[in-house]
Amino acid sequence: MSADPRVSIHPDSTVLMAAIAARLITKLVDIQDRHGEATVVLTGGTMGIGSLKAVAESPAARAVDWSKVNFWWGDERFVAAGDAERNARQAQDALLSHINVDPARVHVPGSTDDFDSPDDAAADYARRLAEAAAAEHAADMSDDRPEQPARLPRLDIVLLGVGPDAHVASLFPEQAGIREKELTVVGVHNSPKPPPARVSLTLPAINTASEVWMVVAGDDKAGAVGLALAGANPVQVPAAGPRGRRETLWLIDEDAASRVPEQLVRKGPSGA
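Remember, predicted model here, so these are calculated numbers, not experimental data.

1. Considerations on the sheet that holds strand β6 (residues 185-188)
For step 1, the next point in the chain: Here three strands make up an open sheet; going across it, the order is β4-β7-β6 and the pairing antiparallel. Here the strands that pair on one side only, and so sit at the sheet edges, are β4 (75-77) and β6. In this sheet, adjacent strand axes meet at a mean angle of 15° when their direction is disregarded.
For step 2, the next point in the chain: Direction of pairing for β6 relative to strand β7 (residues 198-201): antiparallel, over a ladder of four bridges. Residue valine 185 lies in a different strand from β7, and its bridge partner there is leucine 201.

2. Overview of the pairing of strand β8 (residues 211-216)
For step 1, the next point in the chain: The element β8 is extensively covered by neighbouring structure, given that six of its six residues are classed as buried.
For step 2, the next point in the chain: Of the two faces of β8, the one carrying Glu211, Trp213 and Val215 and the one carrying Val212, Met214 and Val216 are both buried.
For step 3, the next point in the chain: Bridge count between strand β5 (residues 157-160) and β8: four bridges; the pairing is parallel. The partner of isoleucine 157 across the bridge, within β8, is glutamate 211.
For step 4, the next point in the chain: Each parallel crossover has a hand, and the one from β8 via helix α7 (residues 222-229) to strand β9 (residues 247-253) is right-handed.

3. Focus: the pattern of salt bridges
For step 1, the next point in the chain: Across all of its chains, the model carries 14 salt bridges by this definition.
For step 2, the next point in the chain: Across the salt bridge formed by arginine 105 and glutamate 37, the nearest N and O atoms sit 2.9 Å from each other. A residue pair is termed long-range when its members are at least 10 positions apart, and arginine 105 in the loop between α3 (87-94) and α4 (118-139) and glutamate 37 in the loop between α1 (13-35) and β2 (38-42) qualify at 68 residues.
For step 3, the next point in the chain: Its salt-bridge partner being aspartate 124, residue arginine 127 comes within 2.6 Å of it at the nearest N-O pair. Of the two residues, arginine 127 and aspartate 124 are both situated in helix α4; the distance of three residues between them amounts to about one turn of the helix.

4. Structural notes on the packing of α1 against helix α2 (residues 45-57)
Geometrically, a packed helix pair is captured by the angle between its two axes and the distance between the axes.
For step 1, the next point in the chain: One way to put it is that α1 packs onto α2 with a least axis distance of 8 Å and a crossing angle of 60°. On the basis of their axis angle, the class for α1 and α2 is oblique. Read as a crossing pair, α1 and α2 show a hand that is right-handed. Mapping the contact onto sequence places Ser13, Leu16, Met17, Ala18, Ile20, Ala21, Leu24 and Ile25 in α1 and Thr46, Met47, Gly50, Ser51, Ala54 and Val55 in α2.
For step 2, the next point in the chain: Tallied by class, residues from the contact of α1 with α2 come to 10 nonpolar, four polar and no charged.

5. Focus: α4
Side chains of residues three or four places apart in an α-helix project in the same direction, reflecting 3.6 residues per turn.
For step 1, the next point in the chain: Helix length check: α4, at 22 residues, gives a terminal C-alpha distance of 32 Å against a target of 32 Å (1.5 Å per residue), a fit within 8%.
For step 2, the next point in the chain: When we look at burial in α4, the residues that qualify are Pro118, Ala121, Ala122, Asp124, Tyr125, Arg128, Leu129, Ala133 and His137.
For step 3, the next point in the chain: Contacts made by the buried residues of α4 are with β3 (69-73), β6 and β7.

6. Some details on the packing of aromatic side chains
For step 1, the next point in the chain: Under the counting rule described, the total for this entry stands at two aromatic pairs.
For step 2, the next point in the chain: When the centroid spacing of 6.3 Å and the interplanar angle of 15° are considered together, the rings of tryptophan 66 and phenylalanine 71 count as stacked.
For step 3, the next point in the chain: By relative accessible area, which is 6% here, tryptophan 66 ends up buried.

7. What about unusual backbone geometry?
Comment: phi is negative for the bulk of residues other than glycine, and the bulk of peptide bonds are trans.
For step 1, the next point in the chain: The omega torsion of the bond from proline 194 to proline 195 falls at -5°, within 30 degrees of zero and hence cis.
For step 2, the next point in the chain: Position of proline 195 among the secondary structure elements: in the loop between β6 and β7.
For step 3, the next point in the chain: One non-glycine residue, alanine 166, lies in positive phi territory at about 75°.
For step 4, the next point in the chain: Looking at the secondary structure, you find alanine 166 in the loop between β5 and α5 (176-179).
For step 5, the next point in the chain: Of note in this structure, glutamate 174 is not a glycine but carries a positive phi near 70°.
For step 6, the next point in the chain: Summarising the element assignment, glutamate 174 is placed in the loop between β5 and α5.

8. Overview of the pairing of β9
For step 1, the next point in the chain: Here β9 lies mainly inside the structure; seven of its seven residues are buried.
For step 2, the next point in the chain: Where strand β1 (residues 5-10) meets β9, six bridges bridge the pair, whose relative direction is parallel. What sits directly across from proline 5, in β9, is threonine 248.
For step 3, the next point in the chain: For β8 and β9, the ladder comprises six bridges, and the chain directions are parallel. Considered in β9, the bridge of valine 216 is made with isoleucine 252.

9. Concerning α1
For step 1, the next point in the chain: A rise of 1.5 Å per residue sets the reference length of α1, with its 23 residues, at 33 Å; its end C-alpha atoms lie 32 Å apart and thus fit the reference within 8%.
For step 2, the next point in the chain: Structurally, the start of α1 carries an N-cap: the backbone nitrogen of threonine 14 is 3.1 Å from a side-chain oxygen of aspartate 12.
For step 3, the next point in the chain: Two residues or fewer after α1 comes glycine 36, characterised by a positive phi angle close to 90°.

The rules behind these values
Residues numbered from 1 in each chain as written. Predicted model: local features only at pLDDT ≥ 70, side-chain atom pairs only at ≥ 80, totals over all residues. Heavy atoms only, no water. Pairing = 2+ DSSP bridges. Helix = DSSP H or I, 4+ residues; strand = E, 2+ residues; numbered from the N terminus. Axes fitted to C-alpha atoms, helices over the stretch in contact; angles between N-to-C directions. Buried < 20%, exposed > 50% of the residue type's maximum accessible area, 1.4 Å probe, protein only. Right-handed = clockwise from strand over helix to strand, strands pointing away. Salt bridge = Lys/Arg side-chain N within 4 Å of Asp/Glu carboxyl O. Parallel < 35°, antiparallel > 145°, perpendicular 65-115°, else oblique. Left-handed = near helix turned anticlockwise from the far one by under 90°. Contact = heavy atoms within 4.5 Å. Nonpolar A, V, L, I, M, F, W, Y, C, P; charged D, E, K, R; others polar. Expected span 1.5 Å × (residues − 1). Phe/Tyr/Trp six-rings, centres within 6.5 Å; stacked < 30°, edge-to-face > 60°. Polar contact = N/O pair within 3.5 Å; in protein donor to acceptor, adjacent residues only side chain to side chain.

Right, here's the structure in full:
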């Protein structure tokens, strides 16, 4: 059952990124204690990459066994693999090059180096997700294992940013991607935000996650945040659509929080 969203407000983006990093480290340790490994879906953007940099800079990061963390991406720009605009390239510079990752656990959507179209790259990414799900299914010896493996592996945490237009991943208002009901991954051809070609998880895929964390800062996002938390239609306001099965958490700064319904707000001494 999907979780109603909770909102945690922090004073500014710097404090917010540090809080996200601390929360992520703690959560990954807890998940590894239960399952032996953890799976996180990363996001790009200022907040997403800044939070990864804060993880790399935290002394507590050593508590995580990074060799047993599986990394996927919520979306990627369909450009050359070495392009500085690639989310995976930025994540590599911010965090992955600073920790002991297992390269076999880092799953990057395909680029123009290997595929002719974002649709081809999306199909490949969906195939790899399904293969990971099948391997996970085969290794699961519990009595309550489902008879058939899912199309997606267990996604413990999905990180998502939000654009001023309320897009999440590369699911944009009114476009085909946000309307998709069946596919786990889609190719995007006409992103209003350059570059136009992208690969993105769909809302049905995102919503299989145990926890979804919406990480947002800036007053230019306040309208999108307010509409999403007021229960807008996800086709018009994609940020209203993500729901974790166990938790949906909005981690935002005060600038982004000006239009948040008061009953959803949870503020502590440091905003946590």
